[in-house]
Amino acid sequence: MDENSDEPPTSAVLLDSCHFSQVVFNNVEKFYVPGGDVICYYTLTQNIVPRGKDWVGIFRVGWKTAREYYTFMWAPLPRDIPSDTAVQQQIQFKAYYLPKDDEYYQFCYVDQDGVVRGASVPFQFRAESEDDILVVTTQGEAEEIELQNKTLRKENEQLKASCAALQKQTVDLQEELKKTQELQKSLESLRSNMEKLELELNSLKKENNHLKELDSCREAELHRLKEQIQNVTSSKEHLETKLKTALDRVDRLQSQVLNYEKEVENLSHTDRDKTEQLESLKEENRQLRETKVKPSLSITVLGGARAERLRHEAASIWQLQCQLEEQRRLWQILQAKKSAADEKNQKLREENDELLRRLSQAREVSSFSASKAQAPKPAPEAGGLLFGNPYSGEITWHSASLRRCPICNEVFPEDIETSQYEAHVQSHLLECPLCRETFEDSNKQVFEDHIFCHRLE
């Protein structure tokens, strides 16, 4: 036997004696001499199938469970013997591991499930004495012994009934234990699921907080973009007003330039006529000077009328020269005014180009900001004007057929592009970025209340 080997399979359940006949122990002595090895002989009946973890143990008489063994040896497996025949086996217990007292012991065969399959008669470990050789009893003593045996049998029956009740109670307790173990497993599974759900809940709470932070950041960004759009819109309106004023000034200056050009042209025609008349008078005067009056009488006779006419013509020539000089001076003044008007017109053109460039940049910024906060809206082309460019051809906004804005009643020429006209009308409208409902810009409070209602939802 090896005491350092693995513990044998045992059971704490009270055992039923109905299994004890499956293994029969043979040649069991009443006494075994201490200090010597003990050989245990037993027979495996056809009712038992030996297995690798079966063992034979020495138990003190009065044991209750298979765990109360004193020592044990692993039971050898039989070789090449049919399962329907009995098999003789033997095991040798070393003297070192045997009990040293004189209590009663017995051999028990235990299978690998911890169930006792056979038990021997009791024996002792002590030397045989002479008192044990022969025991002679009288008839009265025999009857008394028989009475004691009957009493012991009754007690044994009662003990068997108590054992059966205890075994039944043990089975019930085992079933309750199994149910309790199943409930314990279910409880552990529920606890595990609850821990997983708590972890998932914490993760969802963190994600929710993160989403709230992102939402607040997006709201701040949206508010900033709205303020930027309002600033750009106000800048755009200011630039459009300034551009309109500049265009009106350009229109007035162009009208003045046209009037100046007409007046200069009229003065040029008058100066040309006066010059031709002056040349004619000079030619006539020259002819008169070349003509020499031969007789002095003729000079005397004709002198009065000719001199009067010459004086009159000279006065007319002088007056024409004065008028010509005055016309030339006026023409020079008009030329100076025209040059000044051209310079002013050039400055206005440069200022208009600058306003157009700034307006185009403002529209680009406005469209870029609006594309983040809401859906894009159609806008006029960057290089286009609501009234056309006054320096790129004929001015068409003096046309007789016009379009009128239904909101601000502003007048547009008929040949203006539809996208520009729609962009102007759209500039008066506020569009909800959630439901696409439009409001007039004069009803800004209603629009803000509408947006607030969406946030409450």
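Keep in mind the model is a prediction, meaning the values are calculated, not measured.

K.L.:
Describe the overall build of the chain, with residues and values.
P.N.:
Looking only at helices and strands, the chain features four helices and 13 strands. Looking at the chain residue by residue over its 457 residues, the buried ones come to 25%. For the chain, the proportion of contacts with a sequence separation of at least 24, taken over those separated by at least 6, is 65%. When the accessible area of the chain is evaluated, it comes to approximately 31800 Å², of which 52% is carbon and sulfur surface.

K.L.:
With reference to specific residues and values, describe the packing of aromatic side chains.
P.N.:
Inspection of the entire model under this criterion finds 20 aromatic pairs. Between Tyr32 and Phe123, the aromatic rings sit 5.1 Å apart at their centres with planes inclined by 85°, giving edge-to-face as the arrangement. Separated by 91 residues along the polypeptide, Tyr32 in strand 2 (residues 31-32) and Phe123 in strand 9 (residues 123-125) bring together distant segments of the chain. With a relative accessible area of 9%, Tyr32 lands in the buried category. Between Phe72 and Trp74, the aromatic rings sit 5.4 Å apart at their centres with planes inclined by 85°, giving edge-to-face as the arrangement. The rings of Phe25, Tyr32, Tyr42, Tyr70, Phe93, Tyr105, Phe107, Tyr109, Phe123 and Phe125 are connected pair by pair, giving a single aromatic cluster. The ring of Trp74 is capped by Lys53, whose NZ or CZ atom sits 5.0 Å from the centre of that ring.

K.L.:
Could you give an account of the pairing of strand 1 (residues 23-26), naming the residues involved and the relevant values?
P.N.:
Two faces belong to every sheet, and in a regular strand the side chains alternate between them. On strand 1, burial follows the alternation: Val23 and Phe25 on one face are buried, whereas Val24 and Asn26 on the facing-out side are not. Here four bridges tie strand 1 to strand 3 (residues 38-44), and the two strands are oriented antiparallel to one another. Considered in strand 3, the bridge of Val23 is made with Leu44.

K.L.:
Please set out the side chain of His450 residue by residue, giving values where relevant.
P.N.:
If you trace the backbone, His450 turns up in helix 4 (residues 444-456). Here His450 falls in the buried class, since its relative accessible area comes to 18%. A distance of 3.1 Å separates polar atoms of two side chains, one belonging to His450 and the other to His454. The residues touching His450, leaving out its near neighbours within four places in the chain, are Cys432, Cys435, Glu437 and Phe439.

K.L.:
Lay out the sheet that holds strand 6 (residues 87-93) in plain terms, naming residues and giving numbers.
P.N.:
Taken in spatial order, the three strands of this open sheet run 1-3-6, and their pairing is antiparallel. The open sheet has two edge strands, strand 1 and strand 6, and neither has a second partner. Shown here is a sheet whose adjacent strand axes are inclined to one another by a mean of 30°, direction ignored. Taken together, the seven bridges between strand 3 and strand 6 define a ladder with antiparallel strand orientation. In the strand pairing of strand 6, Tyr41 is matched with Gln90.

K.L.:
Can you explain the nonpolar core? Please cite residues and give values.
P.N.:
One recurring pattern in soluble globular proteins: nonpolar side chains tend to sit buried together. Membership of the largest hydrophobic core comes to 22 residues, with the highest contact counts inside it found for Phe25, Tyr42, Val56, Phe93, Phe107 and Tyr109. Counting only elements with at least two residues in this core, the list comes to strand 1, strand 3, strand 4 (55-60), strand 6, strand 7 (104-110) and strand 9. Of all the elements, strand 3 adds the most residues to this core, at four residues. Once residues within four sequence positions are removed from consideration, Val56 is found in contact with Phe25, Cys40, Tyr42, Thr71, Phe72, Met73, Ala75, Ile91, Phe93, Cys108 and Tyr109. Within the second largest apolar cluster, nine residues are counted, among which are Trp63, Ala66, Phe72 and Val116.

K.L.:
So, the confidence of the model for the chain: which residues are in play, and what are the values?
P.N.:
Mean pLDDT over the chain works out to 80, with 81% of the residues at or above the 70 mark. When pLDDT is averaged over each element of the chain, strand 4 comes out on top at 96 and strand 10 (residues 402-404) at the bottom at 70. Note on residues 375-388: pLDDT is under 50 here. Beyond four places in sequence and across chains, it has 26 contacts. For residues 390-401, every residue scores under 50 in pLDDT, and the model assigns this stretch 19 contacts once sequence neighbours within four places are set aside.

K.L.:
How would you summarise helix 4 if you had to cite specific residues and measurements?
P.N.:
With 13 residues, helix 4 should reach 18 Å at 1.5 Å per residue; the first-to-last C-alpha distance of 19 Å fits that figure. Along helix 4, the residues that are buried comprise Phe447, His450 and Ile451. When helix 4 is viewed along its axis, its buried side chains cluster within an angular range of 95° and face the same direction. Projecting away from the buried face of helix 4 at angles above 90 degrees are the exposed residues Gln445, Arg455 and Leu456.

K.L.:
Please provide a residue-by-residue account of unusual backbone geometry, values included.
P.N.:
The phi dihedral of Asn27 falls on the positive side, at around 55°, and the residue is not glycine. One can find Asn27 in the loop between strand 1 and strand 2. Overall, Asn27 belongs to the exposed group, its relative accessible area being 60%.

Definitions and limits used
- Residues numbered from 1 in each chain as written.
- Predicted model: local features only at pLDDT ≥ 70, side-chain atom pairs only at ≥ 80, totals over all residues.
- Heavy atoms only, no water.
- Helix = DSSP H or I, 4+ residues; strand = E, 2+ residues; numbered from the N terminus.
- Buried < 20%, exposed > 50% of the residue type's maximum accessible area, 1.4 Å probe, protein only.
- Contact = heavy atoms within 4.5 Å.
- Areas by Shrake-Rupley, 256 points an atom, 1.4 Å probe, with all protein chains shown as cover.
- Phe/Tyr/Trp six-rings, centres within 6.5 Å; stacked < 30°, edge-to-face > 60°.
- Lys NZ or Arg CZ within 6 Å of the ring centre and 35° of its normal.
- Pairing = 2+ DSSP bridges.
- Polar contact = N/O pair within 3.5 Å; in protein donor to acceptor, adjacent residues only side chain to side chain.
- Axes fitted to C-alpha atoms, helices over the stretch in contact; angles between N-to-C directions.
- Core = buried A, V, L, I, M, F, W, Y, C linked by side-chain atoms within 4.5 Å.
- pLDDT = per-residue confidence, 0-100.
- Expected span 1.5 Å × (residues − 1).
- Arc of directions from axis to C-beta.

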